[in-house]
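# What the coordinates show
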Amino acid sequence: MTMNHVTKRFGEVVAVDDVSFSLQPGTVTGFLGPNGAGKTTTLRLLVGLAEPASGEALVFGHRYAALDQPVHQVGAVLESNDFHPGRSGRDHLRILALAGEVPASRVDEVLELVALGPAATNRVKTFSLGMRQRLGLAAALLGEPHLLMLDEPANGLDPAGVRWLRAFLRSFAEGGGTVLVSSHVLAEVAQTVDRVVIIDRGHLVADAALDDLAGRGQTLEDAYVELTADIAS
Amino acid sequence: MRAQLRAEVLKLRSTRTAVGLLGAMLALVVTAVVLHGYGVPQENLEAPSGQLTLLVGWGEVLGALFAGLLGAMSFTEEVRHGTIRPALLVSPRRGRVVAAKCSASLLAGLVFGLAATSAAAVTGRIALAARGQPVTLDGGDYVLLVAGGAAAAALWAVIGLGVGAMVRSQVPTIVGLLAWVLFVESLLVDNAPGLGRFAPGALGQSISGLHPDTLLAPAVSAIVLALYAAGAVGAGTVATVRRDFV
């Protein structure tokens, strides 16, 4: 996944300003920044929901829209609640499996994988936030992708769920997969990721290995606060 | 493309939206036909054109309206609940997604139109019998009502989809469609009949043979309404392909 001098404007506001970074296979990268920094916009640009004003957002060397079968390459969870409340979790997955031409048997496999199982036949309006996160992750995993992009995936998970997610992301990366995970929970990020990318007000302010950034007697939180305060001063 | 269509059909079947709209439509059709069966003056209900326009024609009118709402909601509900995002992640070729929605809307519209006009035809016979009024409609009239009503509803579903894809927000889309059908069209038909007969609601009615003295012939109406539907879904496709989903 590569961002190549990407700029995105919404009217007068520059949401993402000349941002470049790329991800390495087999790593988990934390994607950090204050609210409104441009994290969400960056993820939308990468999966083709928004078009950059200039530059290129590429996944596996192509624009997302030009990928042949994106479900087998990229899995993304952009919002924790992109479900119809009156539809069952299982039907949500069946619809995506049909559209992505993924075998129907994968639906039950991914439900098993995220430990949603029998509850998935209920309508999503009865789901807790943690269950919705699991359902979103199940949808992202339908096509057995090599790249995962997750926006605040631990939000709403119980402690056991957070632990499970951390182990899952580690084993996904150890199997050669690539993960980009945005979060505000720095303590959690510090336990999960190999690399950190930080953006602030649309600008890239850090792209480094976790050890380089949080070494030198600093915690990740110290480094983060320092970096995101720089531009304001 | 077939995979997309199957996904769209499952979307319609897996929530209560479509079934709820169908039920509400049928209840309204029966209510409208029964009330007009009692209320319309005797002399207006003798000729077949009167029975068609003032009584069983409500099946066409309500079938087209509800099909239009269903078509619009097939897009606006995805925006409202955010399901458009996972849908476009799986199918980034947006033109194909709209094309699949168009086919699904056509099919659902046909079902709505057939159901509404059939219910109106049956209720109309019962209402006329209850009033002791002989039925003057012949087989050809019924065929035109049901086949024309199905075609009108299918095309209205596509028009609704096109409007929904352009507007995206659910409430403005629905309010806009209702305001057009209930208010703007009547103004046009009453005050500028030459123009009003080319309005999409009036065309739906003339496809089924309603108001044969003032509106266009069924075949011409079907062609013009099909052009509107093609224009609406074409504009909806351009809006969907060009604009961001954030």
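None of the values given here were measured: they were computed from a predicted structure.

All right, on to the overall build of chain B then. From N to C terminus, chain B includes 11 helices and 0 strands. Ordered by position in the sequence, the α and β elements of chain B form the string α-α-α-α-α-α-α-α-α-α-α. Taken over the C-alpha trace, chain B has a radius of gyration of 18 Å; the compact-globule value for 246 residues is 18 Å, and the two agree within 12%. Principal-axis analysis of the C-alpha atoms places the extent of chain B at approximately 60 × 35 × 30 Å.

Glancing now at the environment of G109 of chain B. All names here are of chain B. Tracing the backbone through its elements, the reader meets G109 in helix α6 (residues 94-131). For the pair G109 and A67, spaced 42 residues apart in sequence, the C-alpha separation works out to 5.0 Å. When near neighbours in sequence (up to four residues on either side) are disregarded, G109 contacts A67, G71, A153, A154, W156 and A157.

Partitioning chain A into structural domains gives domain 1 (1-73 + 162-233) and domain 2 (81-144). Once you take the C-alpha centre of each, domain 1 of chain A and domain 2 of chain A turn out to be 25 Å apart.

Think of interface size as the accessible area that goes away when the parts come together; that is how it is often given. Taken together, the contact pairs 31 residues of chain A with 25 residues of chain B. Ranked by residue count, the leading element in the side of chain A that touches chain B is helix α2 (residues 89-99) of chain A, at 6 residues. For the side of chain A that touches chain B, the class distribution of residues is 17 nonpolar, 6 polar and 8 charged.

What counts and how
- Residues numbered from 1 in each chain as written.
- Chains lettered and ligands numbered in written order.
- Predicted model: local features only at pLDDT ≥ 70, side-chain atom pairs only at ≥ 80, totals over all residues.
- Helix = DSSP H or I, 4+ residues; strand = E, 2+ residues; numbered from the N terminus.
- Rg over C-alpha atoms; globule rule 2.2 N^0.38 Å.
- Contact = placed C-beta atoms within 7 Å.
- Domains from an automatic or database assignment.
- Nonpolar A, V, L, I, M, F, W, Y, C, P; charged D, E, K, R; others polar.

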